Amino acid sequence: MNDSTPPRPSRRSVLRTTGAAGAGLGLGIGAWGANPALAAEAGTTAEAAGTPAAPPPRRGATMAGVPFERRSTVRVGIIGLGNRGGSMIDLFLALPWVRVVAICDPVKDKTARAAAKVVAAGQPSPAVYTNGEEDYARLCERGDVDFVYVATPWDLHFEMARTAMLHGKHVGVECPIAMRLDHLWELVDLSEQTRRHCMQLENCCYGRNEMRVLRMAHAGKFGDLLHGAGAYNHDLRELMFSPTYYEGPWRRLWHTRLRGDLYPNHGFGPVANYMDVNRGDRVVSISSFGTPALGLAQYREEHMPPGDPSWKETYIESDRTISLVQTAKGRVIRLEHDVSTPHPYSRINSLGGTRGVFEDYPARIYLEPDHKGHQWGDFGAYAAEFDHWLWKEHANPPGGHGGMDYIMIFRLMQCMQLGLVPDFDVYDAATWTAPVPLSHLSIKAQGAPQPIPDFTRGEWRKARSGVDSAKPA
């Protein structure tokens, strides 16, 4: 660590100051989500954290444009080794300048499998933390960890990101980074105060199609940008009722708490990048609408036996939410969320402007003057000119989700090794996650617009680089 690393508070002080927030998040549940008796906070979670009329005063200098400290080796601690963390560890281990020095999960079988992977990769056996649900704090206390990766149930993301920063660590969190608006503001303030980056690890921003569209948008191929759309439409009914896929019913239980878009990041992040949100434009309001909540109850009726714990649950989450987000420049972004009804997978991933439009699933494009006769053109024809340098250098990347996971981890670890500015920051994390509580409030208010805070506190007016990054020298 360099001289700018803040002093580390004691673990006891961290847990004491975060205890009140943790109680409301479901900390203390078995095996990070195994206990189905989590408190439902459908109204109080969102409404207790309403949007302020103006951003609160800044408590530290901006983190926009702040580079990492340069280091020859990036030392990583991983919290959460389930479906996501247990697979992402392979990608950290694939990078020769990265060392996985510590791992944490209350399920000991998971840490044992992960530790074996580290040793098989030729690295020393990592420190292992399995002593209950608060043992992650001891991982964050370590002096030999530069970056903490969090892949745990959503309830825990805020507290773990907060603890990592308080102990002087940069932190990357799986989606969504927090579930309450006041927690998003606290992460922004802590990032500025501790000078540690806190990032939403949005892998879809690194998809090959998304990065190609981003570069085409920046090259003016779409003309003046007008509208975009993104979604998470993914039939998860079977997985949410599976007794083994998730560690307990934590994800399904969120459908008993909120009515809005529970998972906006995959769709919102890429479109926000296309439009340079927080880098020349900003999102200012969201209006959301939701259907009745029927899908999960119907699936339970058809597939779950009498006496299953799920029969005690009442689902309120809209089967499909549709949100319209307005930007300061007058552009419109449509967001959708549907994990409760039959639907082929789609993130929509659309962008339109005065010169044409791109739509994904399947990928198709229509641009003037390239195309005529109102017939879709071949998106693949733009690969040679507009594929991002990351995809040209890693044409067949390992890992899941078509390689975007590897591209994201490679780029983040590269930025840390070379001392570069990260492609996205805490302001993007807060912005991309804000629809979670705000869509809930808007639906309850029959679609009334909810203001989206300016988490950058005015920095959005300054153009700066993001995911469309230049190749390092």
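Residues numbered from 1 in each chain as written. Predicted model: local features only at pLDDT ≥ 70, side-chain atom pairs only at ≥ 80, totals over all residues. Heavy atoms only, no water.

1. Concerning the pairing of strand 1 (residues 74-79)
Then, in step 1: For strand 1, the tally of buried residues reaches 5 of 6 residues, placing the bulk of the element in the interior.
Then, in step 2: Strand direction decides the pairing type here: strand 1 and strand 4 (residues 147-150), joined by 4 bridges, are parallel. Residue valine 76 lies in a different strand from strand 4, and its bridge partner there is phenylalanine 147. (Buried < 20%, exposed > 50% of the residue type's maximum accessible area, 1.4 Å probe, protein only. Helix = DSSP H or I, 4+ residues; strand = E, 2+ residues; numbered from the N terminus. Pairing = 2+ DSSP bridges.)

2. Thoughts on the sheet that holds strand 8 (residues 283-290)
Then, in step 1: Spatially, the 8 strands line up as an open sheet ordered 13-12-11-7-10-9-8-14, and their pairing is mixed. Each having just a single partner strand, strand 13 (364-367) and strand 14 (450-451) make up the two edges of the open sheet.
Then, in step 2: Judged from the 4 bridges that link them, strand 7 (residues 225-233) and strand 11 (residues 350-353) form a sheet pairing that is antiparallel. Bridge pairing in strand 11 places glycine 228 opposite leucine 351.
Then, in step 3: Taken strand by strand, helix 11 (residues 265-274) contacts strand 7, strand 8, strand 9 (321-327), strand 10 (332-338) and strand 11, and its axis lies near 160° from that of strand 7. (Contact = heavy atoms within 4.5 Å. Axes fitted to C-alpha atoms, helices over the stretch in contact; angles between N-to-C directions.)

3. A few points about the packing of aromatic side chains
Then, in step 1: Counted under the stated rule, the structure contains 18 aromatic pairs.
Then, in step 2: Plain terms: the ring middles of tyrosine 345 and tyrosine 361 are 6.1 Å apart, the flat faces sit at 65° to each other, and that makes the pair edge-to-face. Taken together, the residues span a long stretch of sequence, with tyrosine 345 in the loop between strand 10 and strand 11 and tyrosine 361 in the loop between strand 12 (356-359) and strand 13 at a distance of 16 residues.
Then, in step 3: Owing to a relative accessible area of 33%, tyrosine 345 belongs among the partly exposed residues under this scheme.
Then, in step 4: On the basis of relative accessible area, tyrosine 361 is assigned to the partly exposed category, the value being 30%.
Then, in step 5: Three or more aromatic residues joined by ring pairs form one cluster here, namely Trp154, Tyr232, Tyr245, Tyr246, Trp250, Trp254, Tyr263, Tyr345 and Tyr361. (Phe/Tyr/Trp six-rings, centres within 6.5 Å; stacked < 30°, edge-to-face > 60°.)

4. Some words on helix 3 (residues 85-93)
Then, in step 1: Among the 9 residues of helix 3, 7 are classified as buried, and the element is accordingly described as predominantly covered.
Then, in step 2: Along helix 3, the residues that are buried comprise Gly85, Gly86, Met88, Ile89, Leu91, Phe92 and Leu93.
Then, in step 3: Of the surrounding secondary structure, the elements contacted by the buried residues of helix 3 are strand 1, strand 2 (98-104), helix 4 (108-120), strand 4 and helix 15 (404-418).

5. A short note on the packing of helix 3 against helix 15
Then, in step 1: Between helix 3 and helix 15, the least distance of the axes is 9 Å, while the angle of their chain directions is 50°. When the axes of helix 3 and helix 15 are compared, the pair comes out oblique. Like other packed secondary-structure pairs, helix 3 and helix 15 cross with a definite hand, here right-handed. Contacts between helix 3 and helix 15 involve Met88, Leu91 and Phe92 from the first element and Asp405, Tyr406, Met408, Ile409 and Met413 from the second. (Parallel < 35°, antiparallel > 145°, perpendicular 65-115°, else oblique. Left-handed = near helix turned anticlockwise from the far one by under 90°.)

6. So, the side chain of aspartate 261
Then, in step 1: With respect to the element layout, aspartate 261 can be found in the loop between helix 10 (250-253) and helix 11.
Then, in step 2: Despite its burial, aspartate 261 remains without a salt bridge, the nearest opposite charge being carried by arginine 251 at 8.8 Å.
Then, in step 3: Engagement of the side chain of aspartate 261 in a polar contact is seen with the backbone nitrogen of tyrosine 263, the distance being 3.0 Å.
Then, in step 4: Contact partners of aspartate 261, with chain neighbours within four places excluded, come to Thr321, Leu335, Glu336, His337, Pro435, Val436 and Ser439. (Lys, Arg positive; Asp, Glu negative; His and termini not counted. Salt bridge = Lys/Arg side-chain N within 4 Å of Asp/Glu carboxyl O. Polar contact = N/O pair within 3.5 Å; in protein donor to acceptor, adjacent residues only side chain to side chain.)

7. Considerations on helix 11
Every α-helix winds through 3.6 residues per turn, so residues three or four apart in the chain are directed the same way.
Then, in step 1: By the criterion of burial, helix 11 is predominantly enclosed, with 10 of the 10 residues buried.
Then, in step 2: Of all the residues in helix 11, the buried ones are Asn265, His266, Gly267, Phe268, Gly269, Pro270, Val271, Ala272, Asn273 and Tyr274.
Then, in step 3: Where helix 11 ends, the next residue or the one after it, aspartate 276, has phi of about 55°, a positive value.

8. Looking at the pattern of salt bridges
Then, in step 1: Inspection of every chain in the model, using the stated rule, returns 34 salt bridges.
Then, in step 2: Between aspartate 235 and arginine 237 there is a salt bridge whose closest N-O contact spans 2.8 Å.
Then, in step 3: Where glutamate 393 meets lysine 471, a salt bridge forms, and the shortest distance between an N and an O atom there is 2.5 Å. Linking glutamate 393 in helix 14 (residues 389-393) with lysine 471 in the segment after strand 14, this pair joins segments that are 78 residues apart in sequence.
Then, in step 4: Salt bridges sharing common partners tie together Arg58, Arg59, Asp189, Glu192 and Arg457.

9. Regarding unusual backbone geometry
Then, in step 1: The omega torsion of the bond from tyrosine 361 to proline 362 falls at 0°, within 30 degrees of zero and hence cis.
Then, in step 2: Relative to the helices and strands, proline 362 is located in the loop between strand 12 and strand 13.
Then, in step 3: Cis geometry marks the peptide bond from glutamate 368 to proline 369; its omega dihedral reads 5°.
Then, in step 4: For proline 369, the location among the structural elements is in the loop between strand 13 and helix 13 (383-386).
Then, in step 5: Of note in the backbone geometry, aspartate 276 takes a positive phi value of approximately 55° without being a glycine.
Then, in step 6: In this structure, aspartate 276 sits in the loop between helix 11 and strand 8.
Then, in step 7: Aspartate 276 gets classed as partly exposed once you look at its relative accessible area, which sits at 26%.
Then, in step 8: With a phi close to 75°, asparagine 278 is a non-glycine residue in the positive phi region.

10. Topic: the sheet that holds strand 1
Then, in step 1: Taken in spatial order, the 6 strands make up an open sheet running 3-2-1-4-5-6, and their pairing is parallel. The open sheet has two edge strands, strand 3 (127-129) and strand 6 (198-200), and neither has a second partner. Put simply, the sheet's adjacent strands are angled 25° from each other on average, direction ignored.
Then, in step 2: In this sheet, strand 3 lies alongside strand 2 in parallel orientation, the contact comprising 3 bridges. The residue of strand 3 that forms the bridge with cysteine 104 is tyrosine 129.
Then, in step 3: Docked against the sheet, helix 3 engages strand 1, strand 2 and strand 4, running at close to 160° with respect to strand 2.

11. What about the environment of leucine 190?
Then, in step 1: Along the chain, leucine 190 falls in helix 7 (residues 181-194).
Then, in step 2: The buried category is assigned to leucine 190, whose relative accessible area is 8%.
Then, in step 3: In this structure, the C-alpha to C-alpha distance between leucine 190 and leucine 166, residues 24 residues apart in sequence, is 7.7 Å.
Then, in step 4: For leucine 190, the residues in contact, after removing those within four places along its chain, are Arg162, Met165, Leu166 and Arg195.

Remember that the coordinates give geometry; whether it matters functionally is a separate question.
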